[in-house]
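What follows is each chain in one-letter form.
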Amino acid sequence: MTPVRSGSVLVTGATGRVGRSVVDLLVDAGVPVRALTHRSEAAATFSANVEVVTGDLAVPESLDAALQGVSAVFLVWTAPPATAAAVVARLATYAPRVVFLSAPHQTPHPFFQQPNPMAVLFAEIEQLIASAGVESTIIPAGDVRVERVVLVGADHSLEGVVRWPYGAVETAPVDDRDVAAIAALTLYQDGHAGGGLRPHGAGVTESERPGKDHR
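Attention in this report is confined to the structure presented alongside it. (Residues numbered from 1 in each chain as written. Predicted model: local features only at pLDDT ≥ 70, side-chain atom pairs only at ≥ 80, totals over all residues. Heavy atoms only, no water.)

A separate point is the overall build of the chain. Check the secondary structure of the chain and you find eight helices and seven strands. Burial status across the chain gives 42% buried among its 215 residues. Only carbon and sulfur atoms are counted for the fraction: they give 56% of the accessible area of the chain, which is about 10800 Å². (Helix = DSSP H or I, 4+ residues; strand = E, 2+ residues; numbered from the N terminus. Buried < 20%, exposed > 50% of the residue type's maximum accessible area, 1.4 Å probe, protein only. Areas by Shrake-Rupley, 256 points an atom, 1.4 Å probe, with all protein chains shown as cover.)

On inspection of all chains with the given rule, the structure shows six salt bridges. Residue E41 pairs with R39 through a salt bridge whose shortest N-O separation is 3.6 Å. Residue class for E41 comes out exposed when judged on its relative accessible area of 54%. Between E135 and R97 there is a salt bridge, with its nearest N and O atoms 3.1 Å apart. Of this pair, E135 sits in strand β6 (residues 135-140) while R97 is found in strand β5 (residues 97-102), placing the two residues 38 residues apart along the sequence. (Salt bridge = Lys/Arg side-chain N within 4 Å of Asp/Glu carboxyl O.)

Inspection of the secondary structure assignment puts F46 in the loop between β2 (33-37) and β3 (50-54). Along the backbone, F46 and V23 are 23 residues apart, and their C-alpha atoms lie at a distance of 9.0 Å. If sequence neighbours within four positions are ignored, F46 has contacts with A14, T15, R20, V23, A35, T37 and V52. (Contact = heavy atoms within 4.5 Å.)

With that settled, the discussion passes to the environment of R97. A relative accessible area of 2% places R97 in the buried class. Considered as a pair, R97 and E135 are 38 residues apart in the sequence and their alpha carbons are 4.6 Å apart.

Two numbers describe a pair of aromatic rings. These are the distance of the centres and the angle of the planes. For the coordinates displayed, the defined rule picks out one aromatic pair. For the cation-ring pair, R20 lies above F46, with the distance from its terminal atom to the ring centre recorded as 4.1 Å. (Phe/Tyr/Trp six-rings, centres within 6.5 Å; stacked < 30°, edge-to-face > 60°. Lys NZ or Arg CZ within 6 Å of the ring centre and 35° of its normal.)

Interhelical geometry of helix α1 (residues 17-28) versus helix α8 (residues 176-188) gives an angle of 50° and a closest axis separation of 8 Å. The angle between α1 and α8 falls in the class oblique. Crossing of α1 against α8: the hand is right-handed. Listed contacts from α8 to R17, V18, S21, V22, L25 and L26 of α1 are D176, V179, A180, A181, A183, A184, L187 and Y188. In terms of residue class, the contact of α1 with α8 is made up of eleven nonpolar, one polar and two charged. (Axes fitted to C-alpha atoms, helices over the stretch in contact; angles between N-to-C directions. Parallel < 35°, antiparallel > 145°, perpendicular 65-115°, else oblique. Left-handed = near helix turned anticlockwise from the far one by under 90°. Nonpolar A, V, L, I, M, F, W, Y, C, P; charged D, E, K, R; others polar.)

What follows is the structure, given as structure tokens:
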């Protein structure tokens, strides 16, 4: 679909798995992209039609140049919580739309309801965005497949098995590419503001239930 918004999209976390996929999908859709990185040498890893800019969420003022003239921001939080309020305030000053990669901390599920400082941080950032007066979409992507593979990668590569340590908890992992596809669409298409979009994982079959080997 032809992009409906003008202006560049700023992608934070652009060198991560989800962020990098979002950059690639936006390029494929013909959307001007700025990739935010910590180091200028990362520019060599992106295609020539990606504008690579440096900045750090831990230093809010370093984002100002990258935010000039953007139409939307994909926010992947990769910094300590202390600067969250200042970063969101800056995003709201420059960008009319923010898409935030969050976590499903509101899901009534024991895995997501256990005490978790990251869940508290994501909830605070969501509230900051809601109060900032910008169009926003929250993507509460939990149990992303690539995270599971990284966490158990050695075991998985040797045996072809992914073991889940929470025996009584059902789970349906989400592919990181599906998360990126949803994020990319919300960044340049209208009609997704004001709510949350949840990527859906595969259904949990009997053979995939927690406590069993996942082959």
